[in-house]
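Observations on the three-dimensional arrangement
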Amino acid sequence: MPREIALLDALVPTLLFAFLISVFLSWALDWLFARVGLYRHIWYRALFRFAVFICMFSALGLLIY
Amino acid sequence: MAASTFRKSRLLLPLRSALRDWRREDAQTFIYIIKVLIACLLAMWLSLRFELDQPRTAMLTVAIVMQSRTGMVFAKSYYRLLGSIVGIIVSFVLVAMFAQERVLFLLSMAIWIGFCTAGSMVFRHHQSYAFVLAGYTICIVGLPATIYPELTFSIGVTRISEIMIGLISASLISDLIFPQRMGEVLTAAVRRRFKDFSDLLRSMSIEKISGPSSISATLRIVSDVFELETFRASSGLENDESRAYRFRLSMLNSEFMSVSTSFHTLEQLLRRQHATGHPVVVSALFNIYKPLKEIISIDNRSVNTEVEAQQIAAALKAFRATLPQQLSAIRKNLPDGLIAVERLDFETGAELLQRFIDELYAYTSTYASLSDENTDNRKDDIAEHPPRLGMHFDPLAVSLAGVRGALSLGAMACLWIFADWRSGVEAITIGIITSTLFASSPNPSKTVKQFIIGALLGTVLVYLCNFQMLPQAQGFLMLSIAVTPAIALAAWLTTRPAVATIGSGIFIIFLMHIGFNSAYSANPIVFMNDALADLLAIATSGILYALIDLTTSRWSRVRVSKALRELVVSACLDALPQHPARLEARARDLIQRLSSDRHVADTQDKEVIDWLLSTLEIGRAVIELRDQMNEVKVSEVRDSAIRQQLVACLESIAELYASPSTSNRMLAIAAINNAATMLEDIAIIANLTQFTHHQLLTMLHFIRCALLDEDSALSLQAPMPSNRQDIAYAA
C-alpha cells in the first residue's frame, strides 16, 4: 500500500484514511453493541470503546506499513 | 463497649460528613484540574512528537473545549471542528482572491467577521461558538498567509491537525478518566425543577396572590427550559441513554412550559378576581385548588424523585376524574345573588383550573415515566413530536452585533497598516476573538473587564514561564513542569462561575504566547510588543461593547417588549393552525437572550417580564378562541354575524398590542363586550354546541379581564381611564 495518497494533488497520509475508516467502523460497532445489549456486561464502557477503536486502527495501520 | 463505639462514631461523624462534602465538591474540582492538565500535556506531547509547528494551538484547543461534563466536551469539540474547517476554507478562498491587496483582503475579512458575529448571536451555546471560531480562525490562518501566500495551504493543514490533536486528547481524557456523565446532571436538573415547581404550587394562597408576582421565579423557569434543552442536546452525544428517554425529556420540557404558563395565568386571574370580583367566587375557586396542594405533596413536602411522582400522578388522575362533579356541586352552591358577570368569573376560573390540572397531570406523568427504564413506548408512539425550541431573534440587534465585530477588526487593521506595527496581526487576532466570543454573553462589558484581568495575569505568568523557567528546562518532563502552574491556576479559575472568564483569559493569553514551537523560540521584544497588542485589542473591543450595547441597555428592553407584543399580533391575525407551544417557545427565547443570568431583576427587567407574562396569557387565550371559532358554522346569517364580531375582536386586540394606547385598549374591550352580548342571544346559542358556546364565552371573558387589569404590563403605556367601571360592564 502507498503511504501517501494524492487527493486533489495534495499528498494525504494513508493513515488518515485508516483513521477515518476506523472511526466510522467503531461508530457502527458501537451502535450494534448498544443494540445487542453487550454494554450491560461491560464494566468500563468508554475504555472498551476506546480499546476497540485502537485495535481496529492498529490493524489497519499494520496493513499499510 | 457499646458506649465507646458510639462515642467514637459520634466523634467521627463530622469528619465523615466533611469527607463526603469534600468528595462532592472539592474532589470534583481537583479531578477536573488534573484532567485538564493531562489532556493539555498529552496534546503538547503529541504535537511535539509529530513535529507540528505550533503545539500551542493543540493546547489552546484543549483548554477551550475542556469542561467538567463529558457530553459537553463532545458537543463543543464537534462544533469547534466544524467552525475551524469552515474558517480555514474561507481563508483559502480569501487568500486566493486578494493575496496581493491587503485592504481588499481586510475588507472582505471584516464582512466575514461581521457575518460570523451575527451568526453567533442567532444560535445558542455550542452552535454559537462554531460561528465564533469560523470567524477568528480566518485571522489565525488567513493573516499569516497574506504575508507568505505560498504557505497558506500548509498553515491551514497544520492548524487543522493541531486542532484535531487537541480535540482528540480532550475527548479521550474526559471520557476515560473519571467521566462525569450528563445523565446525572440531567436527572438532577429535572428533579430540582419539579421540586421547585411543586413548592411554588404548594405555596399559593389567597394572601399571596394579592402581592406582586415574583420575577426571579419566572426568570428561573425561563432559563431552566433552555438549560435543560442544552443538557439534553449534549447528552445525546454521550450515547448512553435510549432515544425514548431523550424524547421524553423533550416532551417534559414543552409540557413544563405550558403548565407553568397556565399556573401563572391562574394566579393572575385569581389576583384580579380577588381585587375586583365577588369574594365568594374567589374562595370557591380556591376550595377546588386546595386539595391539589395535598395531592402534590408527600409527608408535607415536595416530591424528590420520579418514583414518588408516580404516586402523585395516580392521585392527580383520580382527582381529575372527580373534578367535573366537584365543579357542578360548587356551582349549585353559589349564592343566588351573584350577577351574570360574576358567574362568568367563576366559569372562566373553573375552565382555567381544569386546563391547569390537565397539564399538570401530563407533566407529572411524563416525569414519573422517566423512572421506568424498560422502554415504555406507548406514549412515544402516540404523542406528536414536541415542538423544537427554534431560533427567534431581533434582526436589528443581530446586524448591529455584526457591525460591531467588523468595526473592531477595522480599528485594529487601521492601526496595523498606518502604524506599520509588527504586532498588528496579533492585535487583530485577539481583537476578533474578544469581539466575537463575548457577543452572545449576557453582559459583554462586564465579561470583557474580567477577561482583561485574566489577560494581565496571563501575561505575567507567560513572562515568568518564557524567560525564567523555559530557558532552564530540558526534556519533556521539565517542559511540562514549567507550564503546569499556569494551566492548573487557569483551570481552577474556570471552575468558579464568578471568575470563569478570568480563567479563560489566562488560558488564551498564556497558551498563545508560550515560548516554544518545535524548539525554544521566545523573544523578549516580540513578546512585549504582542502583550501590548493584546491589551490594546481587548480594550478596544471592550469600548466597542460599551458603545454598541445590545443587552443591558434600555433600548434592547424596549425592542424585546415590542417583539413580544408582535407575537400576540401574529397569534391574532396569522393563518391557522397556530400552536400554543410554539408561541411559548418563541416568547421565552426572546427573554432568555436578554438575560441568561438568573439574578438580573431591576425595574426594567420587571417590565419585560410583565410583557412576557401578558403575551403568554393573551396569546394562548387568543389561540384557543380561534380554535373554537372554527367550530362556528357559517350556515346562517346570524352565525356569520357572530363570526365577524369575533374577528373584529381579534383585530382590535392585535391593534392594541401593535400600538398600545388607552383608546385602543378601550376599543378592544368594547369589541369584546359586543361579542359577549351577541353570544347571549338565544338564537345564536341554539346554533352552537353547548361546549363551543361555553368555551367562547369564558375565553372572551378571560381576555376582557386581562385587558381590564390595572396592574398588567399594558397599563404602563395604555393606562385605564378613571371611570372604567362604566365601560367595563356597560354590556
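The present account deals with the structure reproduced in this document. Counting of residues starts from 1 at the beginning of each chain's written sequence and follows it residue by residue. The naming scheme follows written order: chains are lettered A onward, ligands numbered 1 onward. The predicted origin of the model limits local features to residues at a pLDDT of at least 70 and limits the giving and counting of side-chain atom pairs to 80 or more, whereas totals for whole chains, interfaces and linings rest on all residues. Neither water nor hydrogens contribute to the side-chain values; these are computed over all heavy atoms in the structure.

A separate point is the overall build of chain A. Along its length, chain A carries 2 helices and 2 strands. In this text, helices come from DSSP runs of H or I with a minimum length of four residues, and strands from runs of E with a minimum of two, each type numbered from the N-terminal end. Listed by position from the N terminus, the elements making up chain A come as β-β-α-α. Expressed along its principal axes, the backbone C-alpha trace of chain A runs to roughly 45 × 20 × 15 Å. In this description, contact between two residues means that some pair of their heavy atoms is separated by no more than 4.5 Å. For chain A, long-range pairs separated by at least 24 residues make up 50% of all intrachain contacts whose partners lie at least 6 apart in sequence.

Below, the discussion takes up the interface of chain A and chain B. One frequent convention defines the size of an interface as the accessible area lost when the parts assemble. Listed by partner, the interface residues are 9 residues for chain A and 12 residues for chain B. When two parts are brought into contact, each loses some accessible area as probed by a 1.4 Å sphere; the total of that loss over both is the buried area. Across the interface of chain A and chain B, roughly 760 Å² is buried in total on both sides, 58% from carbon and sulfur atoms. It is Y44, A46 and F50 of chain A in chain A that bury the most area against chain B; as a group they hold 46% of the surface buried on that side. We count a salt bridge whenever a side-chain nitrogen from Lys or Arg sits within 4 Å of a carboxyl oxygen from Asp or Glu. At the surface where chain A touches chain B, the tally comes to 0 salt bridges. Pairs of N or O atoms within 3.5 Å make up the polar contacts considered here, provided that, within protein, one atom can donate a hydrogen while the other can accept it, and that residues adjacent in sequence are counted only when both atoms are side-chain atoms. Our count for the chain A to chain B interface comes out at 1 residue pair in polar contact (both at pLDDT 80 or more). At the level of elements, α1 (14–36) and α2 (45–64) of chain A are the ones that each hand at least two residues to the side of chain A that touches chain B. For the side of chain A that touches chain B, the element with the highest residue contribution is α2 of chain A, accounting for 5 residues. Only Asp, Glu, Lys and Arg are considered charged in this grouping, and only Ala, Val, Leu, Ile, Met, Phe, Trp, Tyr, Cys and Pro are considered nonpolar; every other residue, Gly among them, is considered polar. Here the residues of the side of chain A that touches chain B are counted per class, giving 6 nonpolar, no polar and 3 charged.

Right, let's talk about the pattern of salt bridges for a bit. Considering all chains together, one arrives at 3 salt bridges over all chains under this definition. Note that D30 of chain A is salt-bridged to R49 of chain A, the shortest N-O span being 2.9 Å. Residue D30 of chain A is located in helix α1, and its partner R49 of chain A is located in helix α2; the two are separated by 19 residues in the primary sequence. For D30 of chain A, a relative accessible area of 7% translates into the label buried. Among the ionic pairs, R620 of chain B bridges to E359 of chain B, the shortest N-O distance being 2.6 Å. Pair noted here: R620 of chain B is in helix α24 (residues 603–629) and E359 of chain B is in helix α14 (residues 340–369), with a separation of 261 residues, a long-range link. Think of it in three bands: residues with accessible area under 20% of the maximum for their type are buried, residues over 50% are exposed, and the middle band is partly exposed, with areas taken using a 1.4 Å probe on protein chains only.

Between 30 and 60 degrees the pair is tilted, below 30 it is stacked and above 60 it is edge-to-face, where a pair is any two Phe, Tyr or Trp rings, Trp via its six-membered ring, whose centres lie within 6.5 Å. For the coordinates displayed, the defined rule picks out 16 aromatic pairs over all chains. Note on Y78 of chain B and Y79 of chain B: the rings are 5.1 Å apart at their centroids and 70° apart in plane angle, and the pair reads as edge-to-face. Arranged with centres 5.2 Å apart and planes meeting at 65°, the rings of F438 of chain B and F451 of chain B form a pair that is edge-to-face. Separated by 13 residues along the polypeptide, F438 of chain B in the loop between α17 (424–437) and α18 (444–469) and F451 of chain B in helix α18 bring together distant segments of the chain. Side by side, F438 of chain B and F451 of chain B carry an identical accessibility label, which is buried. Clustering of aromatic rings is evident, with ring pairs tying together F19, F53 and F57 of chain A.

These results come straight from atomic positions and should not be treated as a statement about function.
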